[in-house]
Amino acid sequence: MLLSTLHLSNMRNYAQLELEPAAGLNLFVGRNAQGKSNLLEAISLLGTGKSFRTSREKDLIRDGFEIASISGEAHVRAGTVRLGCTVTATPRGTRKMYAVNGRGVRYAKFLGSLRVVTFVPADLQLVSGAPAGRRSFLNSALAQEQKTYYHELARYQKALMQKSALLRGDAEPDADLLAIYNETLVEAGTELMLARDQIVRALSESAAMVHAGWTGGAERLQIAYVPNVPFEVPAQDAIAGAFAAKLRALAQQERARRTTLVGPHRDDVDLQLDGHSLAAYGSQGQQRTAVLALKVAEYSVMLERSGEAPLLLLDDVLSELDPGRAQAFLSGVGGFEQAFITATHLPEGLSQARVWSIDAAQVRPA
Amino acid sequence: MPTSSGSIAGPVQALINEFSKLPTIGPKTAARLVFYLLNRPRNEAQSLAEAILAVKDRVRLCSICFSITEEDPCAICSDERRDARTLCVVAEAKDIFALERTSAYKGRYHVLGGVISPMDGIGPAQLRVKELVDRIGSEHPHEIVIATNPNAEGEATALYLSRLITPLGVSVTRLAYGLPIGGDLDYADEVTLAKAIEGRRAL
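What counts and what doesn't
Residues numbered from 1 in each chain as written. Chains lettered and ligands numbered in written order. Predicted model: local features only at pLDDT ≥ 70, side-chain atom pairs only at ≥ 80, totals over all residues. Heavy atoms only, no water. Helix = DSSP H or I, 4+ residues; strand = E, 2+ residues; numbered from the N terminus. Rg over C-alpha atoms; globule rule 2.2 N^0.38 Å. Contact = heavy atoms within 4.5 Å. Areas by Shrake-Rupley, 256 points an atom, 1.4 Å probe, with all protein chains shown as cover. Lys, Arg positive; Asp, Glu negative; His and termini not counted. Charge placed at Lys NZ, Arg CZ, Asp CG, Glu CD. Buried area = accessible area lost by both parts, 1.4 Å probe. Salt bridge = Lys/Arg side-chain N within 4 Å of Asp/Glu carboxyl O. Polar contact = N/O pair within 3.5 Å; in protein donor to acceptor, adjacent residues only side chain to side chain.

Chemist: So what's going on with the overall build of chain B? Residues and values would help.
Modeler: Broken down by element type, chain B carries seven helices and six strands. Listing every helix and strand of chain B by position from the N terminus yields α-α-α-β-β-β-α-β-α-β-α-β-α. Its C-alpha atoms give chain B a radius of gyration of 22 Å, more than 25% over the compact-globule value 17 Å for 203 residues. Counting only C-alpha atoms and orienting by the principal axes, one finds that chain B spans roughly 65 × 45 × 35 Å. The long-range share in chain B, meaning contacts at least 24 apart out of those at least 6 apart in sequence, stands at 46%. Just so you have it, chain B exposes about 12900 Å², and 57% of that area is on carbon and sulfur atoms. If you average the places of the 23 positive and of the 25 negative side-chain charges in chain B, the two averages end up 2 Å apart.

Following this line, the structure appears as structure tokens:
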């Protein structure tokens with residue numbers, strides 16, 4: 001995939017920007033707070049429809065304005081596609097609208113036209129951080145790839161919120177209603193678990209290979225899916241059965257503690273080195289290498305499954321890595337069609353890059 | 001266009017504020033409406049004000065189906081030609097207007113007054129569910145058509161009602177999901193298309 005044009009209007013610190021990125025490597029160099037991350041955020045937004053930095057979408061709109069707009073044209077296998085997203089501030093909160101080829105579409109339809117793999121400094125905490133970070137890593141990879149995944153995820157989250165509200169309510173929860181929400185959770189949750197199980201297997205295989213190449217095979221990296229509802233075989237019936245059984249077993253406890261205890265919203269992913277949990281036993285260096293391998297794997301799996309290379313967005317991560325690791329990462333994703341990298345200094349050893357300088361929201365070829 | 005107070009005359013700002021409270025109307029549209037009205041003759045403003053009050057004063061709920069009406073019972077409930085054996089359950093009275101425009105439905109209605117959503121503090125007790133069960137007991141319909149929206153809350157409400165009503169020996173049906181007429185398969189979203197495949201029927 002290739003982003004051929006990018007147009008920003010009143011987005012973050014950009015008043016107006018017209019950019020024609022090059023194929024291959026685009027390197028954006030500039031001091032801090034000049035708009036480097038904002039540019040990557042905009043590109044990522046065209047892929048995922050969401051910001052990778054904030055849930056406060058009002059922040060996307062330039063100070064003093066009411067509408068931010070981000071649009072671009074991408075070359076994908078199916079042809080050329082024009083993508084647009086506007087964020088509007090209203091008295092009732094912000095509203096986002098999406099368009100594909102000039103036609104207004106819903107989020108679910110917008111998602112995944114342009115695929116991106118994003119790597120930001122916060123991702124370096126992926127191994128040692130809270131499980132929520134690992135779940136959202138899986139969700140964002142899967143939602144870009146499969147429209148049905150996003151649909152099931154939204155359905156699951158809605159039913160989960162309703163069920164929690166029911167459990168937290170003043171009155172004794174209505175048993176029929178609880179059963180209805182549980183049925184939806186099992187239906188949608190089973191699909192989530194199946195998809196997660198599959199992608200984690202693929203990620204594990206791919207990451208292990210990359211990792212072995214880097215470390216000379218001295219240590220073996222393994223990524224394991226740790227579902228909240230354990231299952232024997234990754235088949236729909238088996239998972240749904242196990243899920244329903246665990247819900248029944250913990251029904252009393254859920255009522256007593258007035259909270260939901262069962263389901264993929266409590267899943268986790270465990271990264272292990274030679275069978276030992278990296279989060280618990282790994283050094284910081286080992287954890288970082290594992291995250292790099294995981295990110296390369298995310299890229300490779302997306303490429304392999306869709307047959308199209310996603311855009312690669314690296315926000316200021318090269319400076320967080322020692323030169324050896326940075327080089328290893330870039331050669332790991334060697335097959336990229338287009339990458340966007342931000343840095344405060346021109347990194348060494350990045351040949352054949354189109355270099356852009358960013359200064360106070362002005363982007364110029366350097 | 002000025003949207004906040006300060007230099008604007010008090011009554012103008014007051015009306016802008018009132019209009020802004022209405023759904024889909026923001027401060028800019030509200031200001032536009034107010035300046036439009038300022039330029040119209042007094043009798044137009046008068047009839048608008050009267051129409052608004054009449055809605056509040058003269059419209060009430062039908063004691064049978066809980067739709068909005070001027071006469072109780074409403075025109076549909078008192079129409080002998082309507083099929084009393086079929087009862088269509090809708091969330092809001094406005095859904096009846098949508099269904100009536102089709103002229104395809106000849107039965108009667110029951111308005112729930114919302115959908116089940118514990119997040120918003122709405123459970124079966126906040127809706128006219130008991131009234132529905134009472135009607136089934138006294139009117140003995142053969143079929144209940146559940147016409148709540150095909151979204152999460154509408155679905156949960158439909159499932160809840162189905163669990164409640166089926167044991168009473170009444171057949172419970174749900175509006176079909178499917179493709180828009182005159183549409184293009186290409187443009188249908190995956191989820192709707194998948195539902196349409198599930199709900200396919202013999203020709």
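Chemist: Would you mind going over the interface of chain A and chain B in detail, with residue names and values included?
Modeler: Between chain A and chain B, the residue contacts involve 20 residues of the former and 22 residues of the latter. Here chain A and chain B share an interface that buries about 1800 Å² over both sides, 60% of which is from carbon and sulfur atoms. Between the two partners, chain A and chain B, sit four salt bridges. At the surface where chain A touches chain B, the tally comes to seven residue pairs in polar contact (both at pLDDT 80 or more). Breaking the side of chain A that touches chain B down by element, the ones donating at least two residues are α4 (147–168) and α5 (175–215) of chain A.

Chemist: Just give me the short version of the side chain of E153 of chain B, but keep the residues and values in it.
Modeler: With respect to the element layout, E153 of chain B can be found in helix α6 (residues 152–165). Reaching out from E153 of chain B, the side chain makes a polar contact with the side chain of K158 of chain A at a distance of 2.9 Å. Among residues more than four places away in sequence, those in contact with E153 of chain B are K158 and Q162 of chain A together with V115, I116 and S117 of chain B.

Chemist: Pulling in residues and values, what's your account of the pattern of salt bridges?
Modeler: Per the counting criterion, the structure on display carries 29 salt bridges over all chains. In this structure, K96 of chain A and E57 of chain A form a salt bridge, with 2.6 Å as the shortest nitrogen-oxygen distance. Pair noted here: K96 of chain A is in strand β6 (residues 93–100) and E57 of chain A is in the loop between α1 (36–48) and β4 (67–76), with a separation of 39 residues, a long-range link. Of the charged contacts, one joins R174 of chain B and E155 of chain B as a salt bridge, the two residues approaching to 2.7 Å between their closest N and O atoms.

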